Amino acid sequence: MASFIRLVRVEVRGAYSNTKAQVSALETLRTKLPDLATPPQPTPKRAKPGRTRRLPDDQVQQLIEGYKSGATVYELGDQFGIERRTVSAILHRHGVPMRRRGLSEEQIDDAVRLYNQRWSLARIGDRMGVAAGTVRQRLHERGVMMRDTQGQPRAGEV
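Nothing here was measured: the structure is a model prediction, and the numbers come from that model.

Draft legend 1. The arrangement of the nonpolar core in detail. By size, the foremost hydrophobic cluster in this structure holds 15 residues, and its most contacted members are Y115, I124, M128, V135 and L139. Those elements that place two or more of their residues in this core are α5 (105-116), α6 (121-128) and α7 (132-141). Tallying contributions element by element places α5 first for this core, with five residues. Setting aside residues no more than four positions away along its own chain, Y115 makes contact with L121, I124, L139, V144, M145, M146 and R147. V60, A71, I82 and L91 belong to the second-largest nonpolar core, a separate cluster that totals 14 residues.

Draft legend 2. Highlighting the packing of α6 against α7. The interhelical angle for the contact between α6 and α7, taken along N-to-C directions, is 105°, at an axis separation of 8 Å. With respect to α7, the axis of α6 lies roughly perpendicular. For the pair formed by α6 and α7, the contact residues are L121, A122, I124 and G125 on the first element and A132, V135, R136 and L139 on the second. Here the contact of α6 with α7 is built from residues that sort into six nonpolar, one polar and one charged.

Draft legend 3. Highlighting the packing of aromatic side chains. Inspection of the entire model under this criterion finds zero aromatic pairs. In this arrangement the basic side chain of R99 is found over the ring face of Y67, its NZ or CZ atom lying 4.0 Å from the centre. Directly above the ring of Y115 sits R147, whose terminal nitrogen or CZ lies 3.9 Å from the centroid.

Draft legend 4. Main features of the side chain of D110. Position of D110 among the secondary structure elements: in helix α5. Polar side-chain contacts of D110 include one of 2.3 Å to the side chain of R113. Not counting residues within four places of it along the chain, the set of residues in contact with D110 comprises R127 and M128.

Definitions and limits used
Residues numbered from 1 in each chain as written. Predicted model: local features only at pLDDT ≥ 70, side-chain atom pairs only at ≥ 80, totals over all residues. Heavy atoms only, no water. Core = buried A, V, L, I, M, F, W, Y, C linked by side-chain atoms within 4.5 Å. Buried < 20%, exposed > 50% of the residue type's maximum accessible area, 1.4 Å probe, protein only. Helix = DSSP H or I, 4+ residues; strand = E, 2+ residues; numbered from the N terminus. Contact = heavy atoms within 4.5 Å. Axes fitted to C-alpha atoms, helices over the stretch in contact; angles between N-to-C directions. Parallel < 35°, antiparallel > 145°, perpendicular 65-115°, else oblique. Nonpolar A, V, L, I, M, F, W, Y, C, P; charged D, E, K, R; others polar. Phe/Tyr/Trp six-rings, centres within 6.5 Å; stacked < 30°, edge-to-face > 60°. Lys NZ or Arg CZ within 6 Å of the ring centre and 35° of its normal. Polar contact = N/O pair within 3.5 Å; in protein donor to acceptor, adjacent residues only side chain to side chain.

Encoded structure:
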């Protein structure tokens, strides 16, 4: 039996034929790496999460008065350096009745009309000063058929 040896000549072209750019990029990366001979730098100490600071009683009273005067929980959070959820918790803890920001029946009627005129939820929300999700929720409660991003009715929507 004779065995045949066939020599195949392969030319390397393309990305592997000229590696100067790749070698140069690797050299640049290598210079950015820390030297293995020097000891590693210790990781910086970070503050451990703990309890949030408690507002003094006088600031709590200012917060309550501010809310009763018409300030939003967002504005009060910014003013006192706390989250809006913390503002809400303080108000609830002190029995302050919360204002319900949302849409009135007339605004919902207007939102239905605008949505049927092909306005987006975001555009309606911007006009009415509420989130698009709030608009969607109110329209859904009214039984409005929601559209997809191409403006077609969504499958399975009422």
